[in-house]
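What follows is each chain in one-letter form.
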Amino acid sequence: MSEKEHKVSRRQFLSYSLMGVGGFMAAAMISPMVRFALDPALEAAGESDFVSVATVDQLTEEPQRFTFQVTVEDAWYTSDQSRTAWIYREGDNIIALSPTCTHMGCVVNWDTNEEFPNQFFCPCHDGRFEKSGQNVPNTPPTRPLDVYDMEVRDGTIYLGRPIQRNSV
Ligand code: FES
């Protein structure tokens, strides 16, 4: 084999190696994007489905705070995270509200401001919500608290994802 042929052969080897590494890196970057593009439901399935949170007989007409754990999966790992819901009964209806203020994401509390009893109050910018979660006009939030997707089976309340609502 001549020296020239030998050099060309080494160059080819190097370029094939670089192409291989580049291809591997491109595939690693693109595959999660392709996965979510092909099946958007996979992204929505990041948080595990319904989890049991409370029993119906624990509920009162007064909103109570319940804490529960959800399993969250993203492209790289799975983790358990804590969630909270304000849940109450109104006749035969059960309402489960997200505690996340729709203004800038602080946590709301029920009936903690003496000036505004029987409302959800956000201490960050004095945001307020009615018991239904409806935002009080002329306070910073411009839409209601999210309401959890919910199932009731055999006296147990299961919550799914919070669902965004628009102002009425
Ligand atoms: S974050 Fe709740 S009022 Fe601003």
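Residues numbered from 1 in each chain as written. Predicted model: local features only at pLDDT ≥ 70, side-chain atom pairs only at ≥ 80, totals over all residues.

Trainee: Help me out: how do you make sense of the overall build of the chain in this one?
Mentor: What the chain contains, in helices and strands, is two helices and nine strands. Along the chain, helices (α) and strands (β) appear in the sequence α-α-β-β-β-β-β-β-β-β-β when read from the amino end. The 168 residues of the chain split such that 17% are buried. Considering only intrachain contacts with a sequence separation of at least 6, the fraction spanning at least 24 residues in the chain is 41%. (Helix = DSSP H or I, 4+ residues; strand = E, 2+ residues; numbered from the N terminus. Buried ≥ 20, exposed ≤ 12 C-beta atoms within 10 Å, placed from the backbone. Contact = placed C-beta atoms within 7 Å.)

Trainee: Any chance you could explain the sheet that holds strand 6 (residues 120–122) here in plain terms?
Mentor: Hydrogen bonds between backbone atoms are what pair the strands of a sheet, whose relative direction is either parallel or antiparallel. Here three strands make up an open sheet; going across it, the order is 5-6-7 and the pairing antiparallel. Here the strands that pair on one side only, and so sit at the sheet edges, are strand 5 (109–110) and strand 7 (127–129). Direction of pairing for strand 5 relative to strand 6: antiparallel, over a ladder of two bridges. In the strand pairing of strand 6, W110 is matched with F120. (Pairing = 2+ DSSP bridges.)

Trainee: Sorry if this is basic, but what is going on with the nonpolar core here?
Mentor: Generally speaking, nonpolar side chains in soluble globular proteins are found buried as a group. If you look at the biggest cluster of nonpolar residues, it comprises 16 residues, and the most contacted ones within it are A85, A96, V108 and L159. Only strand 3 (78–90), strand 4 (93–97), strand 6 and strand 9 (156–163) provide two or more residues apiece to this core. (Core = buried A, V, L, I, M, F, W, Y, C linked by C-beta atoms within 7 Å.)

Trainee: When you look at the confidence of the model for the chain in this model, what are you seeing that I'm missing?
Mentor: Any segment with low pLDDT has predicted coordinates that should not be analysed in fine detail. Taken residue by residue, the chain gives an average pLDDT of 84. The fraction at 70 or more is 73%. Counting contacts from residues 34–45, a segment whose pLDDT is below 50, to residues more than four positions away or on other chains yields three contacts. (pLDDT = per-residue confidence, 0-100.)

Trainee: Even after reading the chapter, I still don't get the pairing of strand 8 (residues 147–153), so can you show me in this structure?
Mentor: Both faces of the sheet carry side chains from a regular strand, because those side chains alternate between them. Bridging between strand 8 and strand 9 involves six bridges; their strand directions are antiparallel. Opposite V152, over in strand 9, you have I157 as the bridge partner. Counting the residues that bridge the hairpin from strand 8 to strand 9 gives two residues, and of these D154 lies at a positive phi of roughly 50°.

Trainee: It is not clear to me how the environment of L159 should be interpreted in this structure. Could you clarify?
Mentor: Considering the arrangement of structural elements, one finds L159 in strand 9. Leave out the neighbours within four places in its chain, and L159 touches F50, V51, V53, F68, A85, A96, Y148, D149 and M150.

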